[in-house]
Every structure is written in structure tokens, then in C-alpha cells.
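# Report on the structure
Single-letter residue listing:
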Amino acid sequence: MSNLSHTGRDMASHPDVSEMRDRYARMLGGRDVALVDAPVFLVGLYCAISPWVLHFTATQPTLATHNLIMGIAIAALGLGFTVMPERMYGLSWAICAMGIWTILSTWIVGSSPDLGIVLNNVIIGGLTLLLGLACAAVSMKSGKRTV
């Protein structure tokens with residue numbers, strides 16, 4: 001029986017080290033932004049429920065509907081990043097645009113919103129923009145690496 005243990009040896013001297021590195025890289029599949037997926041989903045979820053958390057469904061019904069739709073869309077993109085990252089990270093710029101729109105929509109969709117609603121949408125939009133920029137930066141970096 002052969003001795004398969006590599007006790008006392010450095011892993012770099014293993015005969016299959018390059019194959020193991022390639023396999024590990026394939027398994028990761030460019031998942032450099034795996035830690036951003038959950039925050040994108042959570043920001044979207046909060047955006048969707050924020051009209052009921054801050055109780056502005058009666059005073060700002062159009063903005064409440066807007067936040068619900070935008071929150072579902074952001075959360076769906078966050079789930080898409082988790083399920084199909086190699087296909088979805090191209091949409092990172094869309095999340096950036098959604099973050100900017102969430103900030104601006106407070107005054108465009110809403111009708112004279114109070115300070116709490118403004119702060120809510122500005123914070124949600126800012127977080128969405130920052131997370132989208134993080135996804136876009138990493139996807140651009142990994143795109144350059146594969147070319």
C-alpha cells in the first residue's frame with residue numbers, strides 16, 4: 001500500500017497543486033462580492049417594508065407604492081447575485097441607478113414629504129448606491145482578470 005500522507009511537506013510541493021488551485025478558482029466562480037449579496041437583499045427588503053415601518057402609507061400612498069416596488073426589485077437583484085453571480089454582476093450599475101433614483105424619487109414621486117421620509121429614502125438610496133458601486137468595482141476587476 002502506498003503512503004498518501006504528506007506529513008512534514010509543504011503543500012507547494014504537492015504534485016497536483018496547480019490543478020487544485022484551478023479547481024478552487026472554478027468553484028468560487030468569481031464570487032469576490034459574496035459578502036455584498038446579503039446586504040443588497042436586506043436593503044431591498046427594508047425599502048419594501050419602510051412605508052409600514054415609518055407609517056407613511058396614508059400620507060404618501062404613491063411613495064409607499066414606489067418604495068414597495070423598488071424594494072422588491074432591489075431584493076430580487078440581491079437574490080439574483082446569490083443564485084447566478086456570473087450573469088447578474090453586469091447589473092451592478094442598475095443597482096447604482098436604482099439607488100440614485102430612490103434618493104431623487106422622494107421629491108419627484110412624493111408630495112411634500114416630511115424629514116423622516118426624506119432621511120429614510122436618502123439613506124436607503126445611499127446604501128443601495130454604495131453596494132452597487134462595490135459590486136460594479138469587483139465585477140470590473142474580475143472581468144479584467146479573466147480577459
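In what follows, the accompanying structure is described. (Residues numbered from 1 in each chain as written. Predicted model: local features only at pLDDT ≥ 70, side-chain atom pairs only at ≥ 80, totals over all residues. Heavy atoms only, no water.)

Positionally, Asn 67 belongs in helix H3 (residues 61-83). Judged by relative accessible area, Asn 67 falls into the buried class, the value being 0%. A distance of 3.2 Å separates a polar atom in the side chain of Asn 67 from a polar atom in the side chain of His 66. Ignoring anything within four residues of it in the chain, the contact list for Asn 67 reads Cys 47, Ala 48, Ser 50, Pro 51, Phe 56, Asn 120 and Asn 121. (Helix = DSSP H or I, 4+ residues; strand = E, 2+ residues; numbered from the N terminus. Buried < 20%, exposed > 50% of the residue type's maximum accessible area, 1.4 Å probe, protein only. Polar contact = N/O pair within 3.5 Å; in protein donor to acceptor, adjacent residues only side chain to side chain. Contact = heavy atoms within 4.5 Å.)

Okay, the environment of Glu 86 next. As for its placement among the helices and strands, Glu 86 is situated in helix H4 (residues 85-88). Sequence separation between Glu 86 and Ser 139 is 53 residues; the distance between their C-alpha atoms is 9.0 Å.

The next subject is the nonpolar core. If you look at the biggest cluster of nonpolar residues, it comprises 15 residues, and the most contacted ones within it are Val 40 and Phe 81. Sorting the residues of this core by element identifies helix H2 (34-53), H3, helix H5 (92-108) and helix H6 (115-146) as the ones contributing at least two each. (Core = buried A, V, L, I, M, F, W, Y, C linked by side-chain atoms within 4.5 Å.)

The next subject is a nonpolar patch on the surface. Taken together, the side chains of Ile 49, Trp 52, Val 53, Leu 54, Leu 68, Ile 69 and Ile 72 define a hydrophobic patch exposed on the protein surface, amounting to about 630 Å² of accessible area. Elements with a minimum of two residues in the nonpolar patch: H2 and H3. Its place among the elements puts Ile 72 in helix H3. (Patch = residues over 30% accessible without salt bridge, like charges linked within 9 Å, V, L, I, M, F, W, Y side chains within 5 Å. Areas by Shrake-Rupley, 256 points an atom, 1.4 Å probe, with all protein chains shown as cover. Salt bridge = Lys/Arg side-chain N within 4 Å of Asp/Glu carboxyl O.)

Attention now moves to the environment of Cys 47. Relative to the assigned elements, Cys 47 resides in helix H2. It is 6.7 Å that separates the C-alpha atoms of Cys 47 and Ile 124, two residues lying 77 residues apart in sequence. Setting aside its immediate chain neighbours within four residues, Cys 47 contacts Asn 67, Leu 68, Met 70, Gly 71 and Ile 124.

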